[in-house]
Amino acid sequence: MASPIPITKAVIPVAGLGTRFLPATKAMPKEMLPVVDKPAIQYVVEEAVDAGLTDVLMVTGRNKNALENHFDRAGELEAVLTSKGDDEKLRKVDYSTHLADVHYVRQGDPKGLGHAVLRSKMHVGREPFAVLLGDDIIDSRDPLLSRMLEVQTALNTTVVALLEVDPAQTHLYGIATVEGTDQEDVVRITGLVEKPSPGTSPSNYAVIGRYVLRPEIFEILERTPPGKGGEIQLTDALQELATGPVWGGGVHGVVFRGRRYDTGDRLDYLKAIVQLASDRDDLGPEFRPWLKSFADSLGGGGDEGWQGGEDG
Ligand code: UTP
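Report follows, based on the coordinates. What you see is a predicted model; the values in this text were computed from it and never measured. (Residues numbered from 1 in each chain as written. Predicted model: local features only at pLDDT ≥ 70, side-chain atom pairs only at ≥ 80, totals over all residues. Heavy atoms only, no water.)

Now for the layout of surface pockets. Of the volumes computed, that of the largest pocket is approximately 1000 Å³. As for the largest pocket, its lining consists of 37 residues, of which Arg20, Lys30, Asp135, Lys195 and Glu231 are closest to the centre. Among the elements of the structure, β1 (9-14), α5 (113-118), β11 (205-213), α9 (234-243) and β13 (260-262) are those that each provide at least two residues to the lining of the largest pocket. If you tally residues by element for the lining of the largest pocket, the top one is β11, at four residues. Here the lining of the largest pocket is built from residues that sort into 14 nonpolar, eleven polar and twelve charged. (1 Å grid on protein atoms, 1.4 Å probe; cavity = no way out; pocket = protein on both sides within 12 Å on 5 of 7 lines; lining within 4 Å. Points joined across faces, edges and corners; volume = space filled by probe spheres on them. Helix = DSSP H or I, 4+ residues; strand = E, 2+ residues; numbered from the N terminus. Nonpolar A, V, L, I, M, F, W, Y, C, P; charged D, E, K, R; others polar.)

Here we take up the packing of helix α3 (residues 75-84) against helix α4 (residues 87-95). Contact pair α3 / α4: the axes reach a minimum separation of 9 Å and the direction vectors enclose 160°. When the interaxial angle is binned, α3 and α4 end up roughly antiparallel. Where α3 crosses over α4, the handedness of that crossing is left-handed. Packed against α3, whose contacting residues are Leu77, Glu78, Leu81 and Thr82, the element α4 presents Lys89, Leu90 and Val93 at the interface. Across the contact of α3 with α4, the residue classes tally to four nonpolar, one polar and two charged. (Axes fitted to C-alpha atoms, helices over the stretch in contact; angles between N-to-C directions. Parallel < 35°, antiparallel > 145°, perpendicular 65-115°, else oblique. Left-handed = near helix turned anticlockwise from the far one by under 90°. Contact = heavy atoms within 4.5 Å.)

The values are spatial; any link to function lies outside them.
Shown next as C-alpha cells:
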C-alpha cells in the first residue's frame, strides 16, 4: 500500500556535544565547522532541499546561535557588501537565508539521538519524515535521500541508509542484519544492534545518518529506555520496529555505494575537505597539483589509503 502523504519535513539533530572535536566545539556546534567554505550543516540542508524537503526542523542544544544566524539574514554584512557592489559575496550570504523554511526546537539535555528525534514529535505530527544527521555529508553527486523517499513511498515502511563498512569499523556504528529483496539496492532489516563489541557484529551493514521514519517511531521512542552509553538510542527503537509486531510495517535499508563524509570525526573531516576541494572548479586546478607534490614529498611514509575511513 503506497503512502498517500507526500513527505515534506526534514529533522536535523544538531544538539550533540561534539566531544571528538574539542576544543573547536567548545563554543560552536560541530555542524558549523567549515567544509572548504561552507559549514557542514549547509551541505545537509541543501541535500534535504534537493530531495524536495523544504520544511526543516533543527533539534538544537547549547551554542545554537551560530546555527540560527547562519540561516537568517545578516543585515550588517549584507549592507557592507551592497555598498561595495560585491554581488557575488552577497549571493553567498543570502543563499542560506532562503534555502528552506527552518524551524528550531531545543533538546534540553543531550540524552541521545533517539531523544533528539522525539523532540520533533509536535512539529512532525502524523506524517512520515526524514532525519538527516547534521555531521554526515552525502556527496551531492551520489543522491541517496531521494532514493530513500522513493522506497518509503513504494513500501510504506521505515527506511534507513546502509553502508558496507570495513569489519574492523563495525563497533562504531549501528549494525543491521539483512535479507535481500527483489531490488538490488534494497534490503529488509531483520535486526539492529548499536555499536556491537569488536568481533560480535552480525554483519558489516552500518546505519549511516539518513532515515525516513514513520510517525509510529515516536510512540516507541517514548518508552525506549537508555541503551548504549546511557543514551536513548534511535537504533533501539528501530530494532523494535524491525522485530516487533507487524504494525509500522518493518524496516528496510537502502544500500548506499556513493561518497559520504563523517565530519564529526577528525580524520574523515580532513579527507572530506581535501576531496571536495580537489573536485571544485574554482579551487581544484590550483589545489590538485599542490596536493600531488605534497603527497609525493611524503614519500613512502603515508600508510593510509584514500578511502580507508576511520572514526576517532
Ligand atoms: P554523535 O554521537 O555523532 O554526536 O551523534 P556527539 O555526541 O555530538 O559526538 P561526539 O562523539 O561527542 O564527538 C550523531 C548526531 O546526533 C546528534 C549530533 O548532533 C549528531 O548530529 N545528537 C546526538 C543530538 O542531536 N542529540 C544527542 O543527544 C546526541
